[in-house]
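Geometric and topological summary
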Amino acid sequence: MDFYDFMSPRPEEAAMRKEVVKRIETVIKDLWPTADVQIFGSFSTGLYLPTSDIDLVVFGKWERPPLQMLEQALRKHNVAEPYSIKVLDKATVPIIKLTDQETEVKVDISFNVETGVKAARFIKEYMKKYSLLPYLILVLKQFLLQRDLNEVFTGGISSYSLILMAISFLQLHPRIDARRADENLGMLLIEFFELYGRNFNYLKTGIRIKNGGAYIAKEEIMKAMTNGYRPSMLCIEDPLLPGNDVGRSSYGAMQVKQVFDYAYIVLSHAVSPLARSYPNRDSESTLGRIIKVTQEVIDYRAWIKKKWGSKVNLSPDLDNRMKIREQIAPCNGEQQQNRDSESPYNQHLTLSLTSNQQLSSGSSASSVSSLSGSDIQHNGMKFSMKGAHNHNQGNGYNPVSSGGMRQPVGNRGHHQYNRNIWRRKKHRENLPISLSR
C-alpha cells in the first residue's frame, strides 16, 4: 500500500460524512422545507484528507443570510458540540462553523453562494481530464497541512489555489502526458516542488488556466481586475470569475514557496547516488522524509472503519479512483512487512521514483522563460530509487547529506492537526482515546 492508497478517502469515511450532512440537512429542512442544501469543496470533489472540513451551502429566499436562526436550531437539536458553533457574520462570505457532535468532523455552512459549487464542478472536470491530479493533490495537501500552511488564515494558501497550481503544472508540462494513469507520480511531485519552489517567478508572472493554460505577465492580468486591485504575489487568474485573483488573500505564499523548495532538495537528495550511504536509507521511505502521519489520524481512521465499515456503499467516482490506483505501479518494490489486516497503517510511506525517465527541471518553463527572470531548462536529471540520478551541478545547488538539511523557518514541522485536534467530553467513549487529548 503506497501513500496514495493510505491517505485517499475510504468508503467508510464517505459514509460517515454523508451521515453528518444528512443530520445538518434535516435541521435545515425543518426550518425551511424548500431550501436546497448542496455540498461543495473537498468532500464534493473527493480530494479530502481524513480531517478535512465539509463545506455546505444553503440556497433559499432570504433578504439576509439567516445565520442566527440556523445557529439556534443546531444548538437545539444537539447536532454540534456547543463550544464549536461560531457565527462569522462579518466575513466576506458569512458562514456558520461547527464541529459535529458524533464524529468531530468540522463543517462550514454558507448561504446562497454559488461560486463554491461552480468551482467543485470545474475541478471535477479536470480530474476526469488528468487522472493523476487527485493523487498529486492529496500528497500536497498533507504536506502543507502538517506545516499549518493549508489555509490562508494560518499564512498558507487555499485548497483551491493549490489545485489550480497543480492543474497549471500538468497543463504546461513539456514532456509528460498527465492524462495517463501510468506516469511516474514521484517524478511529477519532485518537478512540482522544483517549479513552484525555485523556478517560478512570483514577482512577474501570473497563472492562467483557461484556454489550455498559460503563464502571463501580471501587467496583463491587472488590465482585467476591478475595484483597484493589483495582482498578488501568488497571482492566479480565476477561471470562473474574470478579474478575480484567486491568490489575492494568500499573504504567506512565500512561506509556501520556501517549503516547496525544501521538499525539492530533500527528495532530490533521497534519490541521488549519495542516498545509498545514508544511515536511515532502509528505515525511512523517500516520501516519509517530508510527510508524516500522526498516530491520532491512524486511530481516528481505524475508529471510522470499525463504526462505519458495514455501512459503505461505494460511489462510482470513488470506485473509479480505486481502479486507477490499482493501475499505478508499486512505488519502489518495498515489501510491506508484519502488516495487520485490521490495521494496515504501519507501512512506510513510499514515493514512485523507479523510472529512469528524465526529470524536466522547471517543468513548464518554455512558455514562460521570458517572464521568469531566469530561463528554466531541461537539465537531464534522472531519478531512480536505486540511485540512477544524475544531477547537473550547473543548477546552482550543492548536494549535501539529508541528515544535515534543515527545514526552512516557514516549515512548522510535522505536528499536523495541532490546531484542529479532536476533542471529546469525558463521558463519551465512542471516539478513540488518543483523540481526546
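Residues numbered from 1 in each chain as written. Predicted model: local features only at pLDDT ≥ 70, side-chain atom pairs only at ≥ 80, totals over all residues. Heavy atoms only, no water.

The name recorded for the chain in an unreviewed UniProt entry is Terminal nucleotidyltransferase 4A, from Alligator sinensis. According to UniProt, the comment filed for the chain under the heading Sequence similarities (unreviewed entry) is "Belongs to the DNA polymerase type-B-like family." Under Catalytic activity (unreviewed entry), UniProt gives the following word-for-word description of the chain: "RNA(n) + ATP = RNA(n)-3'-adenine ribonucleotide + diphosphate". (UniProt positions renumbered as here; feature names shortened; annotations may be inferred.)

With 4 of 5 residues buried, strand β4 (residues 95-99) lies mostly within the body of the structure. Between strand β3 (residues 86-88) and β4, which follow one another and run antiparallel, lie 6 residues. The hairpin turn running from β4 into strand β5 (residues 106-111), its antiparallel successor, is 6 residues long, and Glu-104 in that turn takes a positive phi close to 65 degrees. (Buried < 20%, exposed > 50% of the residue type's maximum accessible area, 1.4 Å probe, protein only. Helix = DSSP H or I, 4+ residues; strand = E, 2+ residues; numbered from the N terminus. Pairing = 2+ DSSP bridges.)

Next up on the list: the nonpolar core. With 58 residues, the main nonpolar core has Met-165, Phe-192, Phe-193, Tyr-196, Phe-260 and Ile-290 as its most contacted residues. Sorting the residues of this core by element identifies α5 (115-129), α6 (133-145), α7 (159-172), α8 (185-199) and α10 (253-270) as the ones contributing at least two each. Ignoring anything within four residues of it in the chain, the contact list for Tyr-196 reads Met-165, Ser-168, Phe-169, Tyr-202, Ile-207, Tyr-215, Lys-257 and Phe-260. Residues Ile-24, Phe-43, Val-79 and Leu-98 belong to the second largest nonpolar core, which totals 33 residues. (Core = buried A, V, L, I, M, F, W, Y, C linked by side-chain atoms within 4.5 Å. Contact = heavy atoms within 4.5 Å.)

Quick look at the sheet that holds strand β1 (residues 36-40) now. With mixed pairing, the 5 strands of this open sheet are ordered in space as β1-β2-β5-β4-β3. Edge positions in the open sheet fall to β1 and β3, since each of these has one partner strand only. Taken pair by pair, the neighbouring strands of this sheet meet at an average axis angle of 25 degrees, ignoring direction. Note that β3 and β4 share 3 bridges and pair antiparallel. Residue pairing for β4: Leu-88 is matched across the bridge by Ile-95. Strands in contact with helix α2 (residues 11-31) are β1, β2 (54-59), β4 and β5; relative to β2, the strand with the most contacts, it is inclined by about 25 degrees. Relative to the sheet, helix α4 (residues 67-76) contacts β3, β4 and β5, its axis offset from that of β4 by approximately 15 degrees. (Axes fitted to C-alpha atoms, helices over the stretch in contact; angles between N-to-C directions.)

This brings us to α8. Relative to the 21 Å expected for 15 residues at 1.5 Å per residue, α8 spans 20 Å between its end C-alpha atoms, a close match to the ideal helical length. Of all 15 residues in α8, 14 are buried, a share of seventy percent or more. (Expected span 1.5 Å × (residues − 1).)

Looking at chain direction, strand β6 (residues 205-208) and strand β7 (residues 214-217) are connected through 4 bridges and run antiparallel. Across the sheet, residue Gly-206 finds its bridge partner in β7, namely Ile-216. In this antiparallel pair of consecutive strands, β6 and β7, the connection spans 5 residues, and Asn-211 shows a positive phi of 60 degrees.

What follows concerns α2. Spanning 21 residues, α2 covers 31 Å between terminal C-alpha atoms, matching the ideal 30 Å at 1.5 Å per step. Here α2 has its buried residues at Pro-11, Glu-12, Glu-13, Ala-14, Ala-15, Met-16, Arg-17, Val-20, Val-21, Ile-24, Val-27 and Ile-28.

Here the structure, examined in full by the defined rule, presents 18 aromatic pairs. Summarising the aromatic geometry, the rings of Phe-193 and Phe-260 are spaced 5.5 Å apart at their centres and angled 45 degrees between planes, so their arrangement reads as tilted. Taken together, the residues Phe-193 in helix α8 and Phe-260 in helix α10 connect sequence positions 67 residues apart. What makes Phe-260 buried here is its relative accessible area of 0%. Here Tyr-300 and Trp-303 contribute two aromatic rings whose centre-to-centre distance is 5.9 Å and whose plane-to-plane angle is 20 degrees, an arrangement assigned as stacked. On the criterion of helical spacing, the pair formed by Tyr-300 and Trp-303 is a turn pair, its members being 3 residues apart in helix α11 (residues 295-308). Residue Tyr-300 is classed as buried on the basis of its relative accessible area of 0%. A network of ring pairs unites the aromatic residues Phe-143, Phe-169, Phe-192, Phe-193, Tyr-196, Phe-200, Tyr-202, Tyr-215 and Phe-260 as a single cluster. The ring of Phe-43 carries Arg-17 above its face, with NZ or CZ at 5.9 Å from the centroid. (Phe/Tyr/Trp six-rings, centres within 6.5 Å; stacked < 30°, edge-to-face > 60°. Lys NZ or Arg CZ within 6 Å of the ring centre and 35° of its normal.)

As for its placement among the helices and strands, Glu-220 is situated in helix α9 (residues 218-222). By relative accessible area, which is 41% here, Glu-220 ends up partly exposed. Spatially, the C-alpha atom of Glu-220 lies 9.7 Å from that of Pro-231, the residues being 11 residues apart in sequence.

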